[in-house]
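# Summary of the model geometry
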Amino acid sequence: MRVAVCGGGNLAHAFVGELGRHPLVKSLLVISRRPNEWQEELEVFYNHKFNHISKITQITSSFEVLRDVDVVILSLPAQVKIQYIKIISKYISPKTILISAPSIGGINFAFEKYLSNNQYACLQRVPYICRTIKYGQSVNTEIKKEVEIYFSKNSSIQTKDLIKSILNIPFKELNSYWTLMLSNSNPILHIAGMCEILRQNYPFDYLPGLYAIWTDFASELALDMDSELAFIMSKLNVIEYRNLYEHYQVRNTRELTSKLKNIESFKDVLSPLKENQGKFYIDENSRYVVEDLPYGTCFIKYIAELLGIHTPHIDFAIRKIQPFMNMEFVTNEGKFNYENWKNVTNFDFDKVIRNELGI
């Protein structure tokens, strides 16, 4: 099989690291904006110990190579993925299988609009906890125990089995795309964590770990936001939704704080800050701001408003972070500004979402 990985972030490195030694993958291509910085062999570390070498067949910035691939993996930030899908639709064969990871923010609707004949799979969360050691040369990876995945309605059993074989991770198939789109992962945890950062001695004199400074305030905010999302899911009749208590197997705020602070792989996660004259401020270009907020938390708020559901804790969190995008998504009265959101996401979801909701 010919497999192409599109992207150059931590997750793209992890995908390349796993696929480059996969027995089903006879040709591995990397499509990156920085092809000259990649080497043909990627060193892969597990828990910071060298594990194996992954071999890459071709490294390029050209989309022309997509005409001949069997599987395309989109490991890209949400803020560019929708436009990326539109661009590559000109090159991809209808027989090509697409995989998106992660898949918040209505990525499935972009697939349906621009690549409606293709079979695709959307991973709700990332399948690896990973960090690039040296760009294009080495990556540290931890493989998750299970992946939640949504398949397009036209996906065959053969395609599902193929994707399962490629990922080589136990996965749980999602029945509802709402579970995919309205995630309580980064759109809640990361945003709650940023609210915690702003509550402490901000700006910082050092670059702290996100979960090292995590307190019960952040856990309580995350659980309250999650509770509002769970109510939204109940109104959408989504029965497969797992709240944060279930996902992290905790019973209360204190246990969640302890769990998050002690997950070994989370200890390497730094706060989304940048240094300026000896102080560390929120990085307005971090994915916590430009991806998790508009494509995650705001998406949840948008659905809540269409359903007439009050979300004071989600509103609070969005209002705290939206100034870093110089954009008002939620007013002081709790109203959602759809036009501002549409201008940021570059996709008009209103018609398709209202049609799905029957309103």
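Just so you know, these numbers come straight off a predicted model, no measurement behind them.

What counts and what doesn't
- Residues numbered from 1 in each chain as written.
- Predicted model: local features only at pLDDT ≥ 70, side-chain atom pairs only at ≥ 80, totals over all residues.
- Heavy atoms only, no water.
- Helix = DSSP H or I, 4+ residues; strand = E, 2+ residues; numbered from the N terminus.
- Polar contact = N/O pair within 3.5 Å; in protein donor to acceptor, adjacent residues only side chain to side chain.
- Core = buried A, V, L, I, M, F, W, Y, C linked by side-chain atoms within 4.5 Å.
- Buried < 20%, exposed > 50% of the residue type's maximum accessible area, 1.4 Å probe, protein only.
- Contact = heavy atoms within 4.5 Å.
- Pairing = 2+ DSSP bridges.
- Axes fitted to C-alpha atoms, helices over the stretch in contact; angles between N-to-C directions.
- Salt bridge = Lys/Arg side-chain N within 4 Å of Asp/Glu carboxyl O.

Another aspect to go through is the side chain of Ser-271. In this fold, Ser-271 is placed in the loop between α9 (253-262) and β13 (273-276). From its side chain, Ser-271 meets the backbone nitrogen of Leu-210 in a polar contact 3.5 Å long.

As a further point, take the nonpolar core. Counting 95 residues, the largest nonpolar core has Trp-178, Leu-182, Phe-329, Phe-349 and Ile-353 as its most contacted members. Broken down by element, this core gets its largest block of residues, twelve residues, from helix α10 (residues 287-307). For Phe-329, the residues in contact, after removing those within four places along its chain, are Leu-293, Pro-294, Cys-298, Ile-318, Gln-322, Lys-335, Phe-336, Asn-337, Asn-340, Trp-341 and Val-344.

Turning our attention to the sheet that holds strand β11 (residues 147-151). Backbone-to-backbone hydrogen bonds join strands into a sheet, with any given pair of strands oriented parallel or antiparallel. With mixed pairing, the eight strands of this open sheet are ordered in space as β5-β2-β1-β6-β7-β8-β11-β12. Among the strands making up the open sheet, the edge pair consists of β5 (58-60) and β12 (171-173). Pairwise comparison of adjacent strand axes, ignoring direction, gives a mean angle of 20° for this sheet. Where strand β1 (residues 2-6) and strand β2 (residues 27-31) come together, five bridges link them in parallel fashion. Directly across from Cys-6, in β2, lies its bridge partner Ile-31. Seen against the sheet, helix α1 (residues 10-19) touches β1, β2 and β6 (71-74) and runs at an angle of roughly 160° to β1.

Let's shift gears to the pattern of salt bridges. Following the criterion strictly, the structure yields 16 salt bridges and no others. Residues Lys-55 and Glu-41 are paired through a salt bridge, measuring 2.5 Å at the closest nitrogen-oxygen approach. With Lys-55 in strand β4 (residues 49-55) and Glu-41 in strand β3 (residues 41-46), this pair connects stretches of sequence that are 14 residues apart. Using a relative accessible area of 38% as the deciding quantity, one classes Glu-41 as partly exposed. Each of the salt bridges in this network shares a partner with another, and the network as a whole consists of Arg-125, Glu-148 and Arg-242.

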